[in-house]
Amino acid sequence: MSLPPETKNTWARDDPAILVLIAACLGVSAIAWGVVYSYNILEMLVLAVTMILRDFLLSGIIIATLLWFTANKLLLSPPSHSTPADSFVEWAYAFDVHTNAFFPLYLTLYLAQLFLLPIILKDNWVCLWVGNTLYLIA
């Protein structure tokens, strides 16, 4: 009989699979945007690196750090039944929440906007409303 593996007493994921998948999706999106705007290979590579490093990782690190700090300083109640080590929010969990929340933003701003680009680029108020609504939804 084998016992199930013990938990690691952590809330965050310990595998980088979702990071790799989102980076791959952003890379494919950069190629698609580069084709639409007639970029050369180097410009597509710069766009992909910008999307991955700035839009995903840097913004995630900043947002996760701010919310991790806020959660640990302002939102925690005094522990009642758990040990003090269990009564704080892990930074990795805050970044994991960002990673989960980034995917709907990716679908809205990087994919839906790409397919709606012919409509969004027209010069009237309805097209402006559609473009701004995508950002509001994201």
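No experiment lies behind these values; they were computed from the predicted model shown.

S.K.: Explain the overall build of the protein here, please?
M.R.: Of the regular secondary structure elements, the protein holds five helices and zero strands. Looking at the protein as a whole, 25% of its 138 residues are labelled buried. In the protein, once contacts between residues fewer than 6 apart in sequence are set aside, the share between residues at least 24 apart is 64%. In the structure as shown, the protein presents an accessible area of about 10000 Å², 72% of it carried by carbon and sulfur atoms.

S.K.: Explain helix α5 (residues 125-137) here, please?
M.R.: Note: α-helices contain 3.6 residues per turn, so residues at a spacing of three or four share the same orientation. Here α5 is 13 residues long and its end C-alpha atoms lie 18 Å apart, about the 18 Å a rise of 1.5 Å per residue gives. When α5 is considered as a whole, its buried residues turn out to be C127, G131 and L134. Seen from one end, α5 has its buried residues packed into an arc of 55°, which puts them on one side. Away from its buried face, by an angle of more than 90 degrees, α5 presents the exposed residues W125, L128, W129, L136 and I137. Where α5 begins, one side-chain oxygen reaches toward the backbone nitrogen of V126, 3.3 Å away; that side chain belongs to N124.

S.K.: I'm lost on the confidence of the model for the protein in this one. Help?
M.R.: Note that predicted coordinates carrying low pLDDT should not be read in detail. When pLDDT is averaged across the protein, the result is 88; 87% of the residues are at 70 or more. Mean pLDDT across the elements of the protein bottoms out in helix α4 (residues 117-120) (92) and peaks in helix α1 (residues 17-36) (96).

S.K.: Explain unusual backbone geometry to me, please; I cannot follow it from the model alone.
M.R.: Across the chain, the bulk of peptide bonds are trans and the bulk of non-glycine residues have phi less than zero. Backbone geometry at S38 places phi at a positive 60°, although glycine is not the residue there. Note on placement: S38 falls in the loop between α1 and α2 (41-75).

S.K.: Help me out: how do you make sense of the environment of A48 in this one?
M.R.: Position of A48 among the secondary structure elements: in helix α2. According to the relative accessible area criterion, A48 is buried, its value standing at 13%. Considering only alpha carbons, one finds A48 and L26, 22 residues apart in sequence, at a separation of 6.6 Å. Aside from chain neighbours lying at most four places away, what touches A48 is G27 and A30.

S.K.: Is there a simple way to explain the pattern of salt bridges in this structure?
M.R.: When the charged atoms of two side chains lie near each other, side chains of opposite charge can form a pair. Applying the stated criterion to the full structure yields one salt bridge. In this structure, R54 engages D55 in a salt bridge whose closest nitrogen and oxygen atoms are separated by 2.8 Å.

Parameters at a glance
Residues numbered from 1 in each chain as written. Predicted model: local features only at pLDDT ≥ 70, side-chain atom pairs only at ≥ 80, totals over all residues. Heavy atoms only, no water. Helix = DSSP H or I, 4+ residues; strand = E, 2+ residues; numbered from the N terminus. Buried < 20%, exposed > 50% of the residue type's maximum accessible area, 1.4 Å probe, protein only. Contact = heavy atoms within 4.5 Å. Areas by Shrake-Rupley, 256 points an atom, 1.4 Å probe, with all protein chains shown as cover. Expected span 1.5 Å × (residues − 1). Arc of directions from axis to C-beta. Polar contact = N/O pair within 3.5 Å; in protein donor to acceptor, adjacent residues only side chain to side chain. pLDDT = per-residue confidence, 0-100. Salt bridge = Lys/Arg side-chain N within 4 Å of Asp/Glu carboxyl O.

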